[in-house]
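Structural features, examined
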Amino acid sequence: MSLDLATETPTRRPEQPPAAGPATGATTAPVTGPTTGPAADPAQPPLSPSTLRTVVRELAERPDQWIHLVRLSTGERWYQRLVADDDHEVWLISWLPGQSTGFHDHGGSRGAFTVALGELEELSLGGPDQGLLIRRVPAGTARAFGPEYVHDVRNTASGPAVTLHAYSPPLSSMAHYDLRAGGLVRTSEEGPEQW
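Below or above, wherever it landed, is the structure these notes cover.

Remarks on the sheet that holds strand β8 (residues 142-145)
The five strands lie next to each other as β2-β3-β10-β5-β8, forming an open sheet whose pairing is antiparallel. Pairing within the sheet leaves two strands with one partner each, and these edge strands are β2 (78-84) and β8. Within the sheet, the average angular offset between the axes of one strand and its neighbour, ignoring direction, is 15 degrees. Its contacts with the sheet place helix α1 (residues 49-60) against β2, β3 (89-95), β5 (110-117), β8 and β10 (161-168), and it is angled at close to 25 degrees to β5.

Remarks on the side chain of His-88
Take His-88: it is sitting in the loop between β2 and β3. You can call His-88 buried: its relative accessible area is 12%. A polar contact of 2.9 Å, which involves the side chain of His-88, links it to the side chain of Asp-87. Not counting residues within four places of it along the chain, the set of residues in contact with His-88 comprises Leu-47, Leu-52, Val-83, Tyr-167, Ser-168 and Pro-170.

A word on the packing of aromatic side chains
Within this structure, the stated rule accounts for two aromatic pairs. Pairing Phe-145 with Tyr-149 gives two aromatic rings, centres 5.1 Å apart and planes at 20 degrees, and the pair type is stacked. Tyr-149 sits in the buried class, given a relative accessible area of 11%.

The rules we used
Residues numbered from 1 in each chain as written. Predicted model: local features only at pLDDT ≥ 70, side-chain atom pairs only at ≥ 80, totals over all residues. Heavy atoms only, no water. Pairing = 2+ DSSP bridges. Helix = DSSP H or I, 4+ residues; strand = E, 2+ residues; numbered from the N terminus. Axes fitted to C-alpha atoms, helices over the stretch in contact; angles between N-to-C directions. Contact = heavy atoms within 4.5 Å. Buried < 20%, exposed > 50% of the residue type's maximum accessible area, 1.4 Å probe, protein only. Polar contact = N/O pair within 3.5 Å; in protein donor to acceptor, adjacent residues only side chain to side chain. Phe/Tyr/Trp six-rings, centres within 6.5 Å; stacked < 30°, edge-to-face > 60°.

Shown next, in the form of structure tokens:
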């Protein structure tokens, strides 16, 4: 995938944090592992996108592990970290209609997400001949991506959605982008201290 990424000085605090990951103003508490895991071991290779897809799919098939934790927030997406290990982390996120992440990367982490309940829409840029790609992501669908992936995930449906997200190594930063006529323009970056 070829992206035209220009850099621009941030003029505002990002409205939507991590990946289809966490959102501001929400509560985080682990189900397993510490709230923040130890720093990733540089000698340990990250998990592959395919392995991360398996992680979120298998967890989605065990709703007794997470369904009781789900909350809905009218202000912003609600999220909770479920797993914080050396080599990966897993987040549970709920989405009300109209909530979205905006275009963002994952700070070099590989990732995957699955829609456990409801339906979402994912936007990404294809090659020069494809332009903006819009994918419908219904319940039961899982998406996986490499370390350079940039996308926008949103709830355009009429009801809430619940998703599970895995990242390897655990997220250390995220950049946010605006989609302009010439491509994506980087507008801000944030780290775990803002999640």
